[in-house]
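Given next are the chains, with one letter for each unit.
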Amino acid sequence: DEWWTLTCNGWLTTVFSSGLLSALGCVLCFRLALAFSAKVLAGLLTAIAFAFGTMFFPLATLLQDQNIAAVLLLVSFYLLYRVKEVGQGKDVATSRPISIPPEWKIAGSGLCAGYAAITNYVPAIAVVALTGYVVCRVPTKGGWKWFLFGVAGPLLLLSVYNFVCFGAVWRMNYDYVNAIMSRGGGIAGGVLTA
């Protein structure tokens, strides 16, 4: 219970969880910007602006859930974008055959989006937008079914957790937040003010 041990453990936990995931988010931002513009400088400047021009870096140094959800959404979009850019079973960038079927990438994208939604409930809005992106832009036949299959896993996990802990699937942990912590009340109040 020494202060130095607690501080060191807290720092290491942050570095090896949200810190590493945030670094991955910056790499994904660079790769997406590179895919959109095909210019290394533009991709690098975009990643730097994302990392240091937003709240992404300050939140990476804290043990918070916002960056984890953001990185999961970036991974989800990145996987969908890669499926969209693939033509006739070959990778557009390298012209090599694709080893992972596109349906698995779409399901993995849904899995990441679902975990983002259960990590912090606000990204559920982005999950709806990603579902629309799958329907409108991803050429794989029945891609939306694979995406929703991926999303269903984390939502099922959350439902089981809510049932076991709170007695009902629709009861969430925000229903049990201390009134002092949730000034606004409800999900939005708990998420935005806690």
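The model shown is predicted, which means the values in this text are computed figures rather than measured ones.

J.: Which parts of the structure should I look at to understand the overall build of the chain?
T.: A count of helical and extended segments in the chain gives eight helices and zero strands. Overall, the chain shows an N-to-C arrangement of helices and strands of α-α-α-α-α-α-α-α. Residues counted as buried form 32% of the 194 residues belonging to the chain. Pairs at least 24 apart in sequence give 62% of the contacts found in the chain among residues at least 6 apart.

J.: Quick question: what am I supposed to make of the packing of helix α5 (residues 102-119) against helix α7 (residues 143-166) here?
T.: For any two helices packed against each other, the geometry is given by the interaxial angle and the distance between the axes. Direction vectors running N to C along α5 and α7 enclose 35°, while the axes themselves pass 7 Å from each other. Considering the relative orientation of α5 and α7, their crossing is right-handed. Residue-level inspection shows Glu103, Ile106, Ala107, Ser109, Gly110, Leu111, Ala113, Gly114, Tyr115 and Ile118 of α5 in contact with α7, the latter providing Gly143, Trp146, Phe147, Phe149, Gly150, Val151, Pro154, Leu155, Leu157 and Leu158.

J.: What's the story with the state of the cysteines in this structure? I'm lost.
T.: Two cysteines, two sulfur atoms, one covalent bond between them: this is a disulfide. What the rule picks out here adds up to zero disulfides. Note on Cys26: no disulfide assigned, nearest cysteine sulfur contributed by Cys29 at a separation of 7.0 Å.

J.: Please explain the packing of helix α4 (residues 66-85) against α5 as it appears in this structure.
T.: Relative orientation of the contacting elements α4 and α5 amounts to 160°, with a least axis distance of 8 Å. Taken together, the axes of α4 and α5 lie roughly antiparallel to each other. The interaxial crossing formed by α4 with α5 has left-handed handedness. Residues Ile68, Ala69, Leu72, Leu73, Val75, Ser76, Leu79, Leu80 and Val83 of α4 pack against Pro102, Lys105, Ile106, Gly108, Ser109, Cys112, Ala113, Tyr115, Ala116 and Thr119 of α5.

J.: What's the story with α7 in this structure? I'm lost.
T.: Because the α-helix completes a turn every 3.6 residues, residues three or four places apart line up on one side. Between the first and last C-alpha of α7 there are 34 Å, a value that for 24 residues agrees with the 34 Å anticipated at 1.5 Å per step. Of all the bends found along α7, the most pronounced is centred on Ala152 and spans about 25°, while Pro154, a proline, follows it within four residues. Burial in α7 covers these residues: Gly143, Phe147, Gly150, Val151, Pro154, Leu158 and Asn162. On its buried face, α7 sits against α4, α5 and α6 (124-137). Downstream of α7 by a residue or two, Gly167 has a phi angle that is positive, lying close to 85°.

J.: Help me out: how do you make sense of the packing of aromatic side chains in this one?
T.: Geometrically, a pair of aromatic rings is defined through the distance of the ring centres and the angle of the planes. A full pass over the atoms with the stated rule returns eight aromatic pairs. Consider the rings of Trp146 and Phe149, whose centres lie 6.3 Å apart with planes at 80°: the pair is edge-to-face. Remark: Phe149 and Trp146 occur in helix α7; sequence separation between them is three residues, near one turn of the helix.

J.: What's the story with the side chain of Ser76 in this structure? I'm lost.
T.: Tracing the sequence through the fold places Ser76 in helix α4. Sequence-distant contacts of Ser76, that is, excluding residues within four places in its chain, are made with Ser109, Cys112, Ala113, Leu130 and Phe147.

J.: Explain the environment of Phe57 to me, please; I cannot follow it from the model alone.
T.: When you line up the elements, Phe57 lands in helix α3 (residues 56-60). Note on Phe57: relative accessible area 44%, which makes it partly exposed. Sequence separation between Phe57 and Asn67 is ten residues; the distance between their C-alpha atoms is 8.9 Å. Those residues in contact with Phe57, other than ones at most four positions away along the chain, are Ala51 and Phe52.

J.: What should I look at first to understand the nonpolar core in this one?
T.: The nonpolar side chains of a soluble globular protein tend to be buried, and buried together. Among the nonpolar cores identified, the biggest contains 25 residues, and Leu80, Ile106, Ala113, Leu130, Val138 and Phe147 are the most heavily contacted of them. Elements with a minimum of two residues in this core: α1 (3-37), α4, α5, α6 and α7. Counting residues per element, this core draws most heavily on α4, which supplies ten residues. Excluding anything up to four places from it in sequence, Ile106 contacts Leu80, Val83, Val138, Thr140, Gly143, Trp146 and Phe147.

J.: Explanation requested: a nonpolar patch on the surface in the structure shown.
T.: The grouping of Leu41, Leu44, Leu45, Ile48, Phe52 and Phe57 at the surface amounts to a nonpolar patch, some 630 Å² of accessible area in total. With five residues, helix α2 (residues 40-52) is the single largest residue contributor to the nonpolar patch. The topology assignment puts Phe52 in helix α2.

Reading guide: rules and limits
Residues numbered from 1 in each chain as written. Predicted model: local features only at pLDDT ≥ 70, side-chain atom pairs only at ≥ 80, totals over all residues. Heavy atoms only, no water. Helix = DSSP H or I, 4+ residues; strand = E, 2+ residues; numbered from the N terminus. Buried < 20%, exposed > 50% of the residue type's maximum accessible area, 1.4 Å probe, protein only. Contact = heavy atoms within 4.5 Å. Axes fitted to C-alpha atoms, helices over the stretch in contact; angles between N-to-C directions. Left-handed = near helix turned anticlockwise from the far one by under 90°. Disulfide = S-S within 2.5 Å. Parallel < 35°, antiparallel > 145°, perpendicular 65-115°, else oblique. Expected span 1.5 Å × (residues − 1). Bend = angle between axes of the 7 residues up to and from the residue. Phe/Tyr/Trp six-rings, centres within 6.5 Å; stacked < 30°, edge-to-face > 60°. Core = buried A, V, L, I, M, F, W, Y, C linked by side-chain atoms within 4.5 Å. Patch = residues over 30% accessible without salt bridge, like charges linked within 9 Å, V, L, I, M, F, W, Y side chains within 5 Å. Areas by Shrake-Rupley, 256 points an atom, 1.4 Å probe, with all protein chains shown as cover. Salt bridge = Lys/Arg side-chain N within 4 Å of Asp/Glu carboxyl O.

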